[in-house]
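Spelled out from the first residue to the last, the chains are:
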Amino acid sequence: MTSDDSGISECSRTENKAIESALSFDLNCLNEDEMGLDYESVSQLLAEWVANSLLSGNSEAPEVTDPEVFKRKSNGGISLKDTKRKKKETKLTGGVTNEQSRNRKNWRKVKKTSKETNSPGPPTSGIVTFTPLQITPSAAQLSHIVQFPVTNFTVNGNTTIFTHCAHAPGTSGTIPTAFQVFQTFTTVPQPVINFPLANNVQSSNSAIVIVPSSNQVPPSGMAVTPSSPVAGTVVDSAMTSPVTPSAPLGSQSVLQESDMGEQVTLEKTLPAVQKPKEVEDCIKNMKAALLQDKEFFSESHYIQVPLIQKQIKIKTGKNNAKSQEKEFVILDMTERKKAAIFPSQIFDPPKDLTKEGRVIALLGNAGMGKSTLVHKLCRDWAKGEFQQFDFIFRFECKRLNLPGKSFGLQKLLFELSQSPLSENAGRIFRFVLRNPQRILIMFDGFDDFQDMEAFLQSPANNSTKEVLSIKDLLSGLFQKKLLIGSTILFTARPKETLNQFLGKVDKIFELSGFCHEDIEHYMSVHFRDNSQYDAAKKKLEKNQFLHSLCHTPLMCKFICLLLEKFEMDKELPMTITGLHLHIVSQRLFNNVPMDLPTDKTQTENILKLCQLAWKGIQDHKSLLEENDFKCPTLKEFSLKSGVVTQYPLNCSGEEKLFGHTFSDLLSQDFMGALHLSLVRGIKGKTLVKLIHLQQKKKKPHQEWLDVVRRFLVGLLFQNEEGHLSRLIMKHEDLETKKDAILEYIKKVRLSELLSNRLLEYCHCVYETKNEDVIQHVAKNLPPELSFRGTCLAPLDVFVLQHLLRVSNTQFILDLQETGINLLGMKRLVELENVTAFRASIADTISLWEHLQQTHNYDLLKSTIQKFTINPFKASQYTDVEYLSLLVKIYKEKTLPMSTSSSTTNTCDDEVLDIPAVKDLRKLEFALGATCGHPGFSQLVDILPAFERLQHLDLETLTGNKIGDKEAEKLALVFPGLPFLEMLNLSQNCIGDRGAEKLAQAFPSLTSLKILSLYSNLIEDSGAEHMAKALPKMKCLAELDVKYNKITDVGAHKLFEGLKSCPWIKSVAMWNHSIPHGVLEHLKQQDSRINVL
């Protein structure tokens, strides 16, 4: 290699030669199985060679450019051919060979020499991990190792290398003017690392800077290098000059952010890794197998639905700190649209590329299509998408229940996954270990994995040879202890097994289900014949209940299958119990005429299968064990009916074994409820305890029983025809159980139920289809119904609409934070006995726009009159934005859609005279210090629109900190708030200047009764202005100026002002700067002064 070394010192030549020698070989030629060395051992040898050369000043670096020579050196001086002889010698000499003993003495000598050297830097220690480096200063990739002189080299846990230049062979080098920074890797690096440069760094004078990923405290007297910049930062060449204790740190300049060129993310700029032939062949075989697997996935029936990115929050309360119970933030319709992504975007690189891998959770209720989406993602990869991944390993968690067995990571990936086996699994596994960032692992059905005890206490580490249980391997991948850098995807149901581990997940997505257009699309694919499609669609549109069930993809499939065989002249079922009576009956009594009695053996098998279903529900599992099928005909009957399915359970090479599971969770819930209604040992009181809805102390709600509860009530009250119905109705304990449930339903105090329990209660009442029960419940519903914090799916909306319609009570609905869709909101607010409703402002405006576009002006006028926002709390910046939009509509009498579309606005001005704006009484502003200033400026502009505002609260726990400038702006709008009775300006960093302006404007608040300036920065000058304003505030009753900076001088001013204000009842005046004796003296003279 040639380069222009005229600008490089002799020391730099020595350093360069040492590092070049250590880097000029390919680590791919080292087979750790043959040599008995891992990458860490190789790296340690390299580090010590380089450190010895640099610190000793020896320009003759060890000759290690020949891989065979290196192999001999790393094996203690013997060749690979003599490996067997070396092992024998080791055994004979008690584990230590003569050559190993000599080498150890040599290494001790090297370390001793390093400590005694007179080099400028401190003694070198630790390990440096090197790999062959390909430095790409331009778009062209160099296929060889590039020489780069070094001016400052530190050997420690995270290597710092300041390089002067990076040249291709045969080019002349110049001292660079800028460098790009890359954080060092905390894991074992890959065989080849490509370092791209920023666009504004030219290849002729560029270099690479590798900095520590975490700050380290240098030993005493050691030269301190500048703090590590972030990845992608371009820094000045002055950064590369050696730093000595005498050199001023301020002389080293760093370019500003504005000087940076357009940065390209590291993940996007990494070129495709060169793959050996056996790896390429394995990838082709995996893709071909995925494309041929059509047993589970049907491309024609797949309907793409958006994914919603979810956020979690920790529940607050007395007992939640210990359990750390988590719940999801429920997004309203407008926010859901913003958070929606396509399934193809689920693996998009995150903004934070420093994280070592990603763990993604894909959530969805039973039947939402989680497994279908996993198969779709695999097929898309096989077709050429997601090319950031070279391998995809898919697991069905129900197949991983192998207690008592241990596996290595290689066996887990290549023998237990749903991927074809490879003859070269060992070599392919080594490729996987070297390129973990190009590996995707998907675990489908996390709830089906049974061994979850102490899941996060896994002993797994980054060792690839360790043999562990399935649980420990799964936990190691989940916690990024194994295959660090890979992407892990889990699918699960919300609020179940995975919920307790969501704090360790990087991204959470939820399947949104079918919308109206998706349902029509699915039906058009299912019913190929146009006449059959039209008839089925017409039949479904008349049954709003079944249509609302089609929001769940699996239920949409069931309903389409039902419509295929259902006689069109008959009425479709109107309850979820009635629907499953038809579905399960078709499975269990296939081809058995309705008028024939059932076989005794068949009935016994059904009862035993129902018992197994209930047992699984109690144990929170849908899997069946082999000893569950004690009856010889039970397994055959279960599989033949399709209620139970089987799946392969064993590893490759073993005798074929199969596990068994219920085909879907809804069918298991139905059969579990059927068991409760048929079994004789369970009495009515026991059933009441099972369906109990009131919250008990120290006992969480059992939401996993919700569907079972609905099925149970529906089965006891059902009037359908069929084999199962006859089986239930002839049961002797039916009436006793029915009476017990009916008595409980009528005794429940609805006002004591939480919103989610009240909704579940409504579902149970609807399943009875008993008009007397429905009328009784509808009559006793509380007039103010709040479902805030509870998701309202289309089925929930249908049930609520049915109950509210038959009631004579006038209702006020709170639909905020329910995620209700546009059609659901329309169906609820159009009810005549719904006199008022609260909902997201953005969603409500969307409803108004929809009604205007469909020319439904009567309903538009009605919904505008019913809408209310009182009280309103702005907790995020978007709340203020949407409130401003509502005020704009109120002032301009025009909806946003009207100005951007050709639709003529035929609404009268009176229609858009929004009462919600005029009638707002209470307004809270709690954006905090981060968004407080911009949000408050926008709020001040619209405050005069709230003519009847009585309560304005600008305090939050973290403090809005509006300051003096914003306080001055607020003072200007006081004349437009004549009805304001309470003003809270606490914790807002208001000083004397702001207090003066406010005091001058306070008299214009003619109705103000309560004023709080608690915990601000007001001093004596501000207190004096307040004292002058008090006599003019004729309605003021309470004043709070505690925790300011008022001294005894300001206290006396306030005291003098109070003398002429007999209408003021109390003044809270305690401050740190007022002597306690002064306050006590003032209180003795005026009892209205509070000292606490």
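Cut-offs applied
- Within any chain, residue numbers begin from 1 and follow the written order of that chain's sequence.
- With pLDDT at 70 or above as the cut-off, local features in this predicted model cover only qualifying residues; side-chain atom pairs require 80 or more to be listed or tallied, and sums for whole chains, interfaces and linings still use all residues.
- Calculation of side-chain values draws on the structure's entire complement of heavy atoms; hydrogens and water are dropped beforehand.
- Throughout this description, the term salt bridge denotes a Lys or Arg side-chain nitrogen within 4 Å of a carboxyl oxygen of Asp or Glu.
- Buried residues are those whose accessible area, probed at 1.4 Å on protein chains only, stays under 20% of the maximum for their type, while exposed residues exceed 50% and partly exposed ones sit between those limits.
- Starting at the N terminus, helices and strands are each numbered in turn, a helix being any DSSP run of H or I of at least four residues and a strand any DSSP run of E of at least two.
- The angle between two axes is taken between their N-to-C directions and runs from 0 to 180 degrees, where each axis is a line fitted to C-alpha atoms and a helix contributes only its stretch in contact.
- Any angle between 65 and 115 degrees counts as roughly perpendicular, while under 35 counts as roughly parallel, over 145 as roughly antiparallel, and the rest as oblique.
- Two residues qualify as a contact provided that any one of their heavy atoms is within 4.5 Å of a heavy atom in the partner residue.
- Here a strand pair is declared whenever DSSP counts at least two bridges between the two strands.
- Aromatic rings from Phe, Tyr and Trp, with only the six-membered ring used for Trp, were paired whenever their centres fell within 6.5 Å, and each pair was classed as stacked if the ring planes differed by under 30 degrees, edge-to-face if by over 60, and tilted otherwise.
- Comment: the charge-over-ring label is applied if NZ (Lys) or CZ (Arg) is within 6 Å of the ring centre and within 35 degrees of the ring normal.
- Assignment of crossover handedness uses the view with strands pointing away from the viewer, where a clockwise path from the first strand over the helix to the second indicates a right-handed crossover.
- Given a helix with a known number of residues, its expected span is that number minus one, times 1.5 Å.
- Across the chain, bend at a residue is computed as the angle between axes fitted to the seven residues ending at that point and the seven starting from it.
- Values of pLDDT, which run from 0 to 100, indicate the predictor's confidence residue by residue.

S.K.: Is there a simple way to explain the pattern of salt bridges in this structure?
M.R.: It is possible for side chains of opposite charge to pair when their charged atoms get near one another. All chains considered together, the criterion is met by 31 salt bridges. The salt bridge partner of Glu396 is Arg399, with a shortest N-O separation of 3.3 Å. On the basis of relative accessibility, which here comes to 15%, the residue Glu396 falls in the buried class. A salt bridge links Arg788 to Glu817, with the nearest nitrogen and oxygen atoms 3.4 Å apart. Of this pair, Arg788 sits in the loop between β22 (784–786) and α29 (794–805) while Glu817 sits in the loop between β23 (811–814) and α30 (822–829); the two residues are 29 residues apart in sequence, bridging distant segments of the chain. Residue Arg788 is classed as partly exposed on the basis of its relative accessible area of 39%. Within this structure, Asp706, Arg709, Arg710, Arg757 and Glu760 form a network of salt bridges that share partners.

S.K.: Would you explain the packing of helix α19 (residues 576–588) against helix α24 (residues 706–717) in this entry?
M.R.: Between two packed helices, the angle of one axis relative to the other and the distance separating the axes together describe the packing. Where α19 contacts α24, the axes come no closer than 8 Å and their chain directions differ by 80°. Between α19 and α24, the crossing angle belongs to the class labelled roughly perpendicular. Facing Ile576, Thr577, His580 and Leu581 of α19, the residues of α24 in contact are Arg710, Phe711, Gly714 and Leu715.

S.K.: What is the right way to look at the sheet that holds strand β28 (residues 982–984) in this model?
M.R.: Sheets are built from strands paired through backbone hydrogen bonds, the pairs being either parallel or antiparallel. Pairing in this open sheet of 8 strands is parallel, and the strands run β25-β26-β27-β28-β29-β30-β31-β32 from one edge to the other. Looking at the sheet topology across the chains shown, the edges are occupied by β25 (872–874) and β32 (1089–1090). Pairing geometry for β28 and strand β29 (residues 1010–1012), over 3 bridges, is parallel. Following the sheet pairing, Asn984 is matched in β29 by Ser1012.

S.K.: Explain the packing of aromatic side chains to me, please; I cannot follow it from the model alone.
M.R.: By convention here, two paired aromatic rings are described through the distance between centres and the angle between planes. Within this structure, the stated rule accounts for 25 aromatic pairs. Centre to centre, the rings of Phe414 and Phe429 are 6.4 Å apart; their planes meet at 85°, and the pair counts as edge-to-face. Residue Phe414 is located in helix α12 (residues 409–415), and its partner Phe429 is located in helix α13 (residues 425–434); the two are separated by 15 residues in the primary sequence. Judged by relative accessible area, Phe414 falls into the buried class, the value being 6%. Ring plane angle 90° and centroid distance 5.6 Å describe the contact between Trp848 and Phe867, whose orientation is recorded as edge-to-face. In this pair, Trp848 sits in helix α31 (residues 841–853) while Phe867 sits in the loop between α32 (857–866) and β25, placing the two residues 19 residues apart along the sequence. The structure contains a cluster of three or more aromatic residues connected by ring pairs, namely Phe395, Phe443, Phe446, Phe455, Phe478, Phe490 and Phe501. In this structure, Lys287 is placed above the aromatic ring of Trp381, and the distance from its NZ or CZ to the ring centre is 5.1 Å. Across the ring face of Tyr890, the terminal group of Lys893 is positioned such that the distance to the ring centre comes to 4.8 Å.

S.K.: Quick question: what am I supposed to make of the pairing of strand β21 (residues 658–662) here?
M.R.: Side-chain positions along a regular strand alternate between the two faces of the sheet. Buried residues dominate β21, accounting for 4 of its 5 residues. Where strand β19 (residues 623–624) meets β21, 2 bridges bridge the pair, whose relative direction is antiparallel. Counted as the bridge partner of Leu624 is His660 from β21. The pairing of strand β20 (residues 644–648) with β21 spans 5 bridges and is classified as antiparallel. The residue of β21 that forms the bridge with Tyr647 is Gly659.

S.K.: How do you make sense of the sheet that holds β19 when you look at a structure like this?
M.R.: The strand order across the open sheet formed by 3 strands is β19-β21-β20, and the pairing between neighbours is antiparallel. Lying at the two open borders of the sheet, with one neighbouring strand each, are β19 and β20. Packed onto the sheet, helix α21 (residues 632–641) meets β20 and β21 and runs at close to 95° relative to β20.

S.K.: I would appreciate a short explanation of the packing of α30 against α31 in the present structure.
M.R.: Between α30 and α31, the least distance of the axes is 10 Å, while the angle of their chain directions is 80°. Comparing their axes, α31 and α30 come out roughly perpendicular. Facing Leu822, Met825, Lys826 and Val829 of α30, the residues of α31 in contact are Asp843, Thr844, Ser846, Leu847, His850 and Leu851.

S.K.: Would you take a moment to explain the pairing of β23 for this structure?
M.R.: With 3 bridges connecting them, β22 and β23 associate as parallel partners. The residue of β23 that forms the bridge with Glu784 is Ile812. In this view, the connection linking β22 to its parallel neighbour β23 by way of α29 has right-handed handedness. Where β23 lies against strand β24 (residues 834–838), 4 bridges are found, and the strand directions are parallel. Bridge pairing in β24 links Asp814 to Arg838.

S.K.: Got a minute to help me understand α24 in this structure?
M.R.: For an α-helix, the turn length of 3.6 residues means that residues three or four places apart are oriented alike. Compared with an ideal rise of 1.5 Å per residue, which puts 12 residues at 16 Å, α24 spans 17 Å between its outermost C-alpha atoms and is within 8% of the ideal. Of all 12 residues in α24, 11 are buried, a share of seventy percent or more. Burial in α24 covers these residues: Asp706, Val708, Arg709, Arg710, Phe711, Leu712, Val713, Gly714, Leu715, Leu716 and Phe717.

S.K.: Any chance you could explain helix α36 (residues 928–942) here in plain terms?
M.R.: The axis of α36 is deflected most strongly, by about 40°, at Pro934. Gly928, Gly932, Gly935, Phe936, Leu939, Val940 and Ile942 are the residues of α36 that are buried. Considering only its buried residues, α36 is in contact with α33 (877–892), β26 (922–925) and α37 (963–972).

S.K.: How do you make sense of the confidence of the model for the protein when you look at a structure like this?
M.R.: Detailed conclusions should not be drawn from predicted coordinates in areas where pLDDT is low. This prediction gives the protein a mean pLDDT of 75; 68% of its residues lie at or above 70. The low-confidence segment residues 53–97, where pLDDT is below 50, has 74 contacts with residues more than four positions distant or belonging to other chains. Here residues 697–701 is modelled with pLDDT under 50, and outside its nearest four sequence neighbours on either side it reaches 6 contacts, counting other chains as well.

S.K.: Would you explain the environment of Gln816 in this entry?
M.R.: Following the sequence through the fold, Gln816 ends up in the loop between β23 and α30. By relative accessible area, which is 13% here, Gln816 ends up buried. Here the alpha-carbon distance between Gln816 and Asp332, two residues 484 residues apart in the chain, equals 7.2 Å. With near-sequence residues (within four places) excluded, Gln816 lies in contact with Asp332, Phe787, Arg788, Gly789, Arg838, Ala839 and Ser840.

S.K.: I'm lost on the environment of Val688 in this one. Help?
M.R.: Secondary-structure assignment places Val688 in helix α23 (residues 684–690). The exposure class of Val688 is buried, given its relative accessible area of 18%. C-alpha separation for the pair Val688 and Leu742, spaced 54 residues apart in sequence, amounts to 9.5 Å.

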